[in-house]
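Analysis of the macromolecular model
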Amino acid sequence: MLKVKGLTKIFGGLRAVDNASLEVAAGQIVSLIGPNGAGKTTLFASIAGFHKINEGQVELLGKNIVGLEVHEIARLGMVRTFQITQPFAKLSVLENIAVGAYQQFSSRNQAHAHARLIAEKVGMAGMLDQPASELTVAGRKRLELARALATGPKLLLLDEVMAGLNPQEIIEIIALIRSIRDSGVTILLIEHVMHAVMSLSEYIYVLSYGKIIAEGKPEEVVNNREVIEAYLGRGAADQMTGQAQGVEHA
């Protein structure tokens, strides 16, 4: 579905993303994790065409998409959400979702009909006439998802869709993400809510200082020394490694 090879993005003298490579197979939920400032959102934006990359390759469904405009990439089937949600505040929930639907439908009636179907899928059917400005944080997150889904994506890039949510809302979004995948949409996500990452992901990439430092299945990544060090520091990694060795020898 998606192949990224040797992607590098430089801002001035800063290599925000440094020779990063990853793959996402059709039907998977793959996570990109890492400490704050690791370059995750920059990598997402570069993959989706929002940043022009300095080096590397990005292929979507076997097609080279480097240099394409964002709307051209969206038409090929890859769209992203944003960590900071910015709905059209003066429009209703229905009208906001319809903005995404116009990617597929030129008719207002068709776009609105499709928007209603998407609203049903994301649990917003009862909010269609509500102004987007009145939505809660959880509501805005669902709306961001709905607008992206309305474009008819094959691959959805989710940027911290659970940030700012309470535990119950996180549980609901986890279930929603699974249902989106089960409907045939492949997912690559950035997330800091680690229990959600471990629950959802079939494969994880870890980014630190712009470099991919580890990858693997959730159980492999969570015990990786480099990952522990990136999140908690070398001292914590030494302590956790020592504890693990103590348990093995007990």
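Up top you'll find the structure we're talking about.
The structure contained in this document is the topic of the report that follows.

Thresholds applied
- Residues numbered from 1 in each chain as written.
- Predicted model: local features only at pLDDT ≥ 70, side-chain atom pairs only at ≥ 80, totals over all residues.
- Heavy atoms only, no water.
- Pairing = 2+ DSSP bridges.
- Helix = DSSP H or I, 4+ residues; strand = E, 2+ residues; numbered from the N terminus.
- Contact = heavy atoms within 4.5 Å.
- Axes fitted to C-alpha atoms, helices over the stretch in contact; angles between N-to-C directions.
- Phe/Tyr/Trp six-rings, centres within 6.5 Å; stacked < 30°, edge-to-face > 60°.
- Buried < 20%, exposed > 50% of the residue type's maximum accessible area, 1.4 Å probe, protein only.
- Lys NZ or Arg CZ within 6 Å of the ring centre and 35° of its normal.
- Core = buried A, V, L, I, M, F, W, Y, C linked by side-chain atoms within 4.5 Å.

Before going further, it helps to examine the sheet that holds strand 4 (residues 55-60). Spatially, four strands are ordered 2-1-4-5 in an open sheet, and the strand pairing comes out antiparallel. For this open sheet the edge positions go to strand 2 (14-24) and strand 5 (63-64), each flanked by a neighbour on one side alone. One ladder, built from two bridges, connects strand 4 with strand 5; its direction is antiparallel. Residue Glu 59 lies in a different strand from strand 5, and its bridge partner there is Asn 64. Helix-sheet contacts for helix 1 (residues 40-47) involve strand 1 (2-11), strand 2 and strand 4, and the interaxial angle to strand 1 is about 115 degrees.

A few words on the packing of aromatic side chains. Per the counting criterion, the structure on display carries two aromatic pairs. Where Phe 50 meets Phe 82, the ring centres are 5.5 Å apart and the plane angle is 90 degrees; that geometry is what we call edge-to-face. Linking Phe 50 in the loop between helix 1 and strand 4 with Phe 82 in the loop between strand 6 (78-80) and helix 3 (93-101), this pair joins segments that are 32 residues apart in sequence. A relative accessible area of 38% means that Phe 50 is categorised as partly exposed. Just above the ring of Phe 50 sits the side chain of Arg 80; from NZ or CZ to the centre is 5.4 Å.

This brings us to the nonpolar core. Residues Ile 97, Leu 156, Met 162 and Ile 177 are the most contacted members of the largest nonpolar core, which totals 41 residues. Counting residues in each nonpolar core, the second largest holds 26 residues, with Leu 2, Met 78, Leu 157 and Leu 207 among its members.

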